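# Residue-level structure breakdown
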Amino acid sequence: MPLVNEDKNPQIPYQFPMPKEAAPEIVVPHAIPNDERIWVPQGEKVSFRPLCLNVSNGYWMNLLRVRKSGVLSRHRHPNPVHGYVIKGRWHYLEHDWVAEEGGYVYEPPGETHTLVVPDDVEEMITLFQVNGTMNYVDPYGKHLGYEDVFTKIDMCRKHYEEVGLGANYVDQFIR
């Protein structure tokens, strides 16, 4: 069924106020930033760039950047994760597919996997939406640690304070 647009004035913006309870939008002009300080270190040659840290719904959207090859982490998700590969490629030890530049990945709830960046990849950047937590585990499922939207915010505050942007720099991404 085709979409029928009966709007006689489609070029006129909406004329009423947005709901007062609605959080403001986030617009990030340069998702891949020119300022290296915006990348938050997460490990050796591993960093993330926050885009949206949603505390009311418990998810975060970020760019994950890896500038080394090898195993990054083994983790489990209790909720779905979505990813879009912007640069480079990666795979999971537990699967036979490769996430390549321009590719989309859906990770279902309950997935446990080990992220690997191949030896010939100098830099990998992937946009991830992580819902809930990432639970780090050993090969037999023993819990080793976790990340959630609140630990991500804490990492950002600490890093941004240390690099001179100020701890509150992260506030622009919190909803």
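Here goes a summary of the coordinates provided. Computed from a prediction, not measured in an experiment: that's the story for all the values here.

Before going further, it helps to spend a moment on the sheet that holds strand S2 (residues 46-54). The six strands lie next to each other as S1-S2-S3-S10-S5-S8, forming an open sheet whose pairing is antiparallel. What marks the edges here is a single partner per strand, and that holds for strand S1 (40-43) and strand S8 (104-107). Across the sheet, the mean angle separating the axes of adjacent strands is 25° when strand polarity is ignored. Sheet analysis places S1 next to S2, joined by three bridges and oriented antiparallel. Bridge pairing in S2 links Val-40 to Phe-48. Sheet strands touched by helix H1 (residues 149-162): S1, S2 and strand S3 (59-66). Its angle to S2, the strand with the most contacts, is close to 120°.

To continue, consider the pattern of salt bridges. In total, this model carries nine salt bridges according to the counting rule given. Taking the shortest distance from any N to any O, the salt bridge between Lys-152 and Glu-147 comes out at 3.4 Å. For the pair formed by Lys-152 and Glu-147, the shared burial category is buried. Put simply, Arg-157 and Asp-171 hold a salt bridge, and the shortest N to O gap is 2.8 Å. With a gap of 14 residues between them, Arg-157 in helix H1 and Asp-171 in the segment after H1 connect regions that are remote in the sequence. On the basis of relative accessible area, Arg-157 is assigned to the partly exposed category, the value being 29%.

Looking now at the sheet that holds strand S4 (residues 70-76). Hydrogen bonds along the backbone pair up the strands of a sheet, which may run parallel or antiparallel. On the basis of which strands lie adjacent, the open sheet formed by six strands has the order S7-S6-S9-S4-S11-S12 and antiparallel pairing. The strands lining the two open edges of the sheet, one partner per strand, are strand S7 (98-100) and strand S12 (143-147). Strand-to-strand twist of the sheet, defined as the mean angle between neighbouring strand axes without regard to direction, takes the value 30°. Pairing between strand S6 (residues 89-92) and S7: three bridges, direction antiparallel. Across the sheet, Arg-89 pairs through a bridge with Glu-100, a residue of S7.

When a protein is soluble and globular, its nonpolar side chains tend to lie buried together. If you look at the biggest cluster of nonpolar residues, it comprises 29 residues, and the most contacted ones within it are Leu-53, Trp-90, Val-117, Met-124 and Val-170. Counting only elements with at least two residues in this core, the list comes to S2, S3, strand S5 (81-87), S6, strand S9 (112-117), strand S10 (124-131), strand S11 (134-137) and H1. A total of four residues in this core trace back to one element, the largest contributor, which is H1. Residues in contact with Leu-53, not counting those within four places in the same chain, are Tyr-59, Trp-60, Val-149, Lys-152, Ile-153, Val-170, Phe-173, Ile-174 and Arg-175.

Moving on, we come to unusual backbone geometry. Phi is positive for Lys-45, close to 60°, though the residue is something other than glycine. Considering the arrangement of structural elements, one finds Lys-45 in the loop between S1 and S2. The exposure class assigned to Lys-45 is exposed, which follows from its relative accessible area of 51%.

Bringing the state of the cysteines into the picture now. In this structure the tally under the stated criterion is zero disulfides. Here Cys-52 is not cross-linked by a disulfide; its sulfur's nearest cysteine counterpart is in Cys-156, at 12 Å. With relative accessibility at 0%, the residue Cys-156 sits in the buried group.

Calculation rules
Each chain carries its own residue numbering, running from 1 in the written order of its sequence. Local features in this predicted model are restricted to residues whose pLDDT is 70 or higher, and side-chain atom pairs enter the listing and the counts only when it is 80 or higher, whereas totals over whole chains, interfaces and linings include all residues. Working from all heavy atoms in the structure, the side-chain values ignore hydrogens and water. A pair of strands is labelled paired if DSSP reports no fewer than 2 bridges between them. The helix and strand labels rest on DSSP assignments: H or I over at least four residues marks a helix, E over at least two residues marks a strand, and numbering proceeds from the N terminus. Note on method: axes are straight lines fitted to C-alpha atoms, helices fitted across the in-contact stretch only, with angles between N-to-C directions ranging 0 to 180 degrees. Only heavy atoms enter the contact rule, under which two residues are in contact if any of them lie within 4.5 Å. Only one rule defines a salt bridge in this text: a Lys or Arg side-chain nitrogen within 4 Å of an Asp or Glu carboxyl oxygen. To sort residues, take the accessible area from a 1.4 Å probe on protein chains only and compare it with the maximum for the residue type: under 20% means buried, over 50% means exposed, and anything in between is partly exposed. As used in this record, nonpolar core signifies buried Ala, Val, Leu, Ile, Met, Phe, Trp, Tyr and Cys residues forming a set joined through side-chain atoms within 4.5 Å. In this description, the term disulfide denotes a pair of cysteine sulfurs within 2.5 Å.

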